[in-house]
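# Commentary on secondary and tertiary structure
Chain residues, written in single-letter form:
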Amino acid sequence: MNRLLAFVLVIAGAALGAGAYHAQINALNRPHAAAQVAVGWAYLVAGLVAWDRRPANRMGRLMVLTGLALLARQLRYGDNAFLFTVCFILGDVGYALVGHSALAYPSGRVKDRAERALVIAGYMTVLAFPLLAALFYGGTSPLLYFGRLSRNSLINVTDDGHAVELLQKTEEVVFFGILASLFILLVVRRFWLATPRMRRILAPLALAAVAFGLRAITECVFTFVDRPFAADYLFWWQFVAVFALPIALVAGLLRARLARAGVGELVVELEHAQPRELRGALARTLGDPALEVVFWLPERETYADAGGNPVDLADDGARAVTYLDHEGEPLAAIVHDPSLLEEPKLVRAAGAAARLALENAQLQAETSAQLAEVKESRVRIVAAADRERKRIERDLHDGAQQRLAALALQLRIAQRRLDSQHADPAVEALLESAVLELQAANEELRELVRGVYPAILCEEGLAAALESLALRNPFPIELDVLEGRLPPRVEATAYFVTSEGLANVTKHAQASKASVCIARLNGLLAVEISDDGVGGAERLENSGLSGLADRVEALGGTLQVESPAGHGTRLVAEIPCES
Amino acid sequence: MKKLSGLSRTQPARAFRVHLVVKVLRLCDILWMAVTVVIVDDHPSFRSSARTLLELEGFEIVGEAEDGASALEVAAALEPELVLLDVALPDTNGFEVAARLAGGPSKVILTSSREQRDLGRRVRSSGALGFVSKDRLTGQALTALLEKVP
């Protein structure tokens, strides 16, 4: 902002303020006169600050104009007929400017069609009615707000007190009544439709604007109704509301500057921060609690959240996205409140300040994505192994087992045919032993197939499969297994853990009995195999269970062994199992 | 006209003779204690081996079926004393067929290349009389199961 212009405006404001104060003390008491000047100066100073700090924004100029108009308005109370005439006709423009600047926040332009219509209607009202009143005011009848003061209108045509009263009261109704009500509605509507971050910025302004509007409506009411309490009280209400408006406006406009000072703190804060603290720090600095940070994954050519999950950055209008690059490569994107688009420099500054932390977080997101990929592939490997086991089981059943059964039948037929022909006993014995051999071979094959993948597990489920397993166990087993079907890979894992666990008990524990308990617990399938044996089992990593531990962990579960010497062994697997 | 009346006289007579032959055969069956059997399996080689073995052991194989639907038809038409029923069938499984046959005139013995304990609870819950695995199938095994029933 031009220093000379600022100097001229300050001098003009000071002169207008002094003149206004002097003019008013005829009509108003001194504190009221001083307060009116203070309001004008508040707008002027706030406007100059805003103009200086954000020269491109029209809000500053609009507020300076408002301040000057509010000061000039009060000159109408002076003795000078020319000043009275001019300032009486143009004076209320100051109040229209107050409404205009509130609706023009934060860009300085009134963009909404309804708001623009209201502003235009406001200007027309405050220009037309005083102009007409000045034509009819001849100095004999009292003017509204002038008490008993009599003034001289230079453009008086005819002295008609009724017409003046009618015009002034109509202006009160239209401007302070109807237009102020609409003003409140539009302010509330704008607040209602605002995004969460914008609401926080708008809140002080909306409060002051509504107070200002309500004050105007009471003024309209008291034009027709006797004031039930001291007018002094109403005056100070008006003073606070009108005084608060420029402060709220300039505070909102300078938020970005304050926030940019916060960027410095961000640098310090992020120096020792963990990547997961990054989002919170940026959200605080940019004043948007819902802010999200997503990271570019170069390998996948997509943005992902901190956990590595791909994110779709569809621009839906509800949230805005600022993309951050580093040396020409995409680094991250900040998903934020659209109101921050008004302050792109702030977002970029915060992004630049957080660059190192962002790079760390990007690496972490990338690692998380890779880890997720590895986890998924582990699950797929388990599933593929299960499929392969099932296929082997089915092939053996359909092929070798069927052939062995057919062979057994044929040997039996040969035996029977020999019976009827009084055969050689040596041949008969040979045939009998061949049948027994065959049955033994078949039994061994069945045992192998059970170890590969028991058919009963996929046909009837875990409980039936474990019952079948318990039947073959050399010592008694107490089974408490939940009924019903589970996802195949969970069933298979629980089955293999149990069968391997029981095999270990048989081999090492010298147990007289064992129990198996399988139950669903908080989204987990808990498998517990305990025995009354000697305990002191080796650590999991060294036992035959380590392969099973890998399998359980692939499904996101855990496998643990508790085996205090002399107190039996307890094997517990917990497998995630969505219900 | 004469010819027609002659025909109408001879047809019931022929039907009666067929009926008589069936009755006599049934009587012989009962006297010889030959158990009538229907074999249900989708492998023709198993059906023929089982037929040969069981016939050698004094059973009378009255019919065969290759799937669940035809097994039900054949059993309803022939009313055998025993249905030897494979668990793995192309259109359904032996447990379902056994459940449909339960309560009828025929007893059901299930068979499979697996063992009973590999098949779980369904063997018992299907209503079948018993189970014999294919590599242990003999007439004696079937008779033992049939005689077990009160």
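If you're wondering where the values come from, they're calculated on a predicted model, not measured in any experiment.

This part is about the overall build of chain B. Check the secondary structure of chain B and you find six helices and five strands. Going from the N terminus to the C terminus, chain B shows its helices and strands as α-β-α-β-α-β-α-β-α-β-α. Counting over 150 residues, chain B shows a buried share of 36%. In chain B, the proportion of contacts linking residues at least 24 apart, taken out of those at least 6 apart, comes to 55%.

The next subject is the interface of chain B and chain A. Across the boundary between the two partners, chain B contributes 23 residues, which contact 24 residues of chain A. Ranked by residues supplied to the side of chain B that touches chain A, first place goes to helix α2 (residues 44-56) of chain B with seven residues. Partitioning the side of chain B that touches chain A into residue classes produces six nonpolar, seven polar and ten charged.

Okay, the environment of N26 of chain A next. All names here are of chain A. The residue N26 is located in the loop between α1 (3-24) and α2 (30-53) in this model. Since 13 C-beta atoms lie within 10 Å of it, N26 is described here as partly exposed. Considering only alpha carbons, one finds N26 and L149, 123 residues apart in sequence, at a separation of 8.3 Å. In this structure, N26 is in contact with Y77 and L149, ignoring residues within four places of it in sequence.

Here we come to the sheet that holds strand β2 (residues 302-304) of chain A. Backbone-to-backbone hydrogen bonds pair the strands of a sheet. The strands run either parallel or antiparallel. All names here are of chain A. In space, the four strands of this open sheet follow the order β2-β1-β4-β3, with antiparallel pairing throughout. Looking along the sheet, the strands with just one partner apiece sit at the ends: β2 and β3 (320-326). Averaged over all pairs of adjacent strands, the angle between strand axes in this sheet comes to 30°, irrespective of strand direction. Where strand β1 (residues 292-297) meets β2, three bridges bridge the pair, whose relative direction is antiparallel. When the sheet's bridge partners are listed, F295 is paired in β2 with A304.

A494 of chain A together with V37, V83, L84, L85, I109 and L110 of chain B are the most contacted members of the largest nonpolar core, which totals 75 residues. Sequence-distant contacts of L110 of chain B, defined by excluding residues within four places in its chain, comprise L85, V87, G94, A98, V123, A128 and F131 of chain B.

To continue, consider the pairing of strand β2 (residues 60-65) of chain B. Residue and element names in this part refer to chain B. Direction of pairing for strand β1 (residues 36-40) relative to β2: parallel, over a ladder of five bridges. Counted as the bridge partner of V38 is G63 from β2. In this region the chain leaves β1, passes through α2 and returns to the parallel neighbour β2; the handedness of that crossover is right-handed.

Below, the discussion takes up helix α4 (residues 94-101) of chain B. An α-helical turn contains 3.6 residues, so a residue and the one three or four places further along point in the same direction. Residue and element names in this part refer to chain B. Among the residues of α4, those classed as buried are G94, F95, V97, A98 and L101. Burial along α4 is one-sided: seen end-on, the buried residues are contained in an arc of 165°. Considering only its buried residues, α4 is in contact with α3 (68-78), β3 (82-86), β4 (107-112) and α5 (122-125). Among the residues trailing α4, G103 stands out with phi positive, at a value near 90°.

Here the focus is the sheet that holds β4 of chain B. All names here are of chain B. The sheet built from five strands is open, its strands ordered β2-β1-β3-β4-β5 with parallel pairing. With one partner strand each, in any of the chains shown, β2 and β5 (130-133) form the two edges of the open sheet. In this sheet, adjacent strand axes meet at a mean angle of 25° when their direction is disregarded. Strand contacts of α4: β3 and β4, with the helix running at about 160° to β3, the strand carrying the most contacts. Contacting β3, β4 and β5, helix α6 (residues 139-148) crosses the sheet at an angle of about 165° to β5.

Residue and element names in this part refer to chain A. It is the contact of helix α7 (residues 161-193) with helix α8 (residues 196-224), at a shortest axis distance of 8 Å, that shows an interaxial angle of 160°. Taken as axis vectors, α7 and α8 run roughly antiparallel relative to one another. Note on packing geometry: the crossing formed by α7 with α8 is left-handed. From α7, K169, E172, V173, F176, G177, A180, S181, F183, I184, V187, R190 and F191 reach across to α8, where they touch R199, L202, A206, A209, V210, G213, L214, A216, I217, E219, C220 and T223. Looking at the contact of α7 with α8 residue by residue, the classes come out as 15 nonpolar, four polar and five charged.

A few words now on the pairing of strand β5 (residues 477-481) of chain A. Each regular strand displays side chains that alternate between the two surfaces of the sheet. All names here are of chain A. Looking at chain direction, β5 and strand β6 (residues 514-521) are connected through five bridges and run parallel. If you follow L479 over to β6, its bridge partner there is V516. Each parallel crossover has a hand, and the one from β5 via helix α16 (residues 488-509) to β6 is left-handed.

Another point: the confidence of the model for chain B. Residues and elements named next belong to chain B. Scored by pLDDT, chain B comes out at a mean of 82, with 81% of its residues at no less than 70. Long-range and interchain partners of residues 1-8, a stretch whose pLDDT sits below 50, account for zero contacts in this model, where long-range means more than four residues apart. Predicted as a complex, the structure gets a pTM of 0.55 and an ipTM equal to 0.76.

All names here are of chain A. In the segment running from Y105 into P106, the intervening peptide bond is cis, with an omega of 0°. Positioned with a positive phi, N522 is a non-glycine residue whose angle comes to about 50°. For N522, the location among the structural elements is in the loop between β6 and β7 (524-531). Owing to 8 C-beta atoms within 10 Å, N522 belongs among the exposed residues under this scheme.

Let's shift gears to the environment of L466 of chain A. All names here are of chain A. Tracing the sequence through the fold places L466 in helix α15 (residues 462-472). Measuring from C-alpha to C-alpha, the distance between L466 and V481 comes to 8.2 Å, with 15 residues separating the pair along the chain. With residues near it in sequence (within four places) discarded, L466 still touches L479, V481, Y495, T498 and V516.

What follows concerns helix α10 (residues 278-286) of chain A. Residue and element names in this part refer to chain A. Regarding α10, the residues found buried are L278, A281, L282, T285 and L286. Within α10, the buried residues cover an arc of 120° as seen down the axis, which keeps them to one side. Looking one or two residues past α10, G287 carries a phi angle of roughly 65°, positive in sign.

On the secondary structure map, T367 of chain A appears in helix α12 (residues 355-420). Remark: the alpha-carbon pair of T367 of chain A and L297 of chain A, spanning 70 residues in sequence, is separated by 9.7 Å.

Angle between the axes and distance between the axes: these two values describe a pair of packed helices. All names here are of chain A. Running from N to C, helix α3 (residues 59-73) and helix α5 (residues 93-104) cross one another at 160°; their axes reach a closest spacing of 8 Å. Between α3 and α5, the crossing angle belongs to the class labelled roughly antiparallel. Taken as a pair, α3 and α5 cross one another with a handedness that is left-handed. Counting all contacts with α3, which are made through M59, L62, M63, L65, T66, A69, L70 and R73, the residues of α5 involved are V93, G94, L97, V98, H100, S101 and A104. Classifying every residue of the contact of α3 with α5 gives ten nonpolar, four polar and one charged.

The rules behind these values
- Residues numbered from 1 in each chain as written.
- Chains lettered and ligands numbered in written order.
- Predicted model: local features only at pLDDT ≥ 70, side-chain atom pairs only at ≥ 80, totals over all residues.
- Helix = DSSP H or I, 4+ residues; strand = E, 2+ residues; numbered from the N terminus.
- Buried ≥ 20, exposed ≤ 12 C-beta atoms within 10 Å, placed from the backbone.
- Contact = placed C-beta atoms within 7 Å.
- Nonpolar A, V, L, I, M, F, W, Y, C, P; charged D, E, K, R; others polar.
- Pairing = 2+ DSSP bridges.
- Axes fitted to C-alpha atoms, helices over the stretch in contact; angles between N-to-C directions.
- Core = buried A, V, L, I, M, F, W, Y, C linked by C-beta atoms within 7 Å.
- Right-handed = clockwise from strand over helix to strand, strands pointing away.
- Arc of directions from axis to C-beta.
- Parallel < 35°, antiparallel > 145°, perpendicular 65-115°, else oblique.
- Left-handed = near helix turned anticlockwise from the far one by under 90°.
- pLDDT = per-residue confidence, 0-100.

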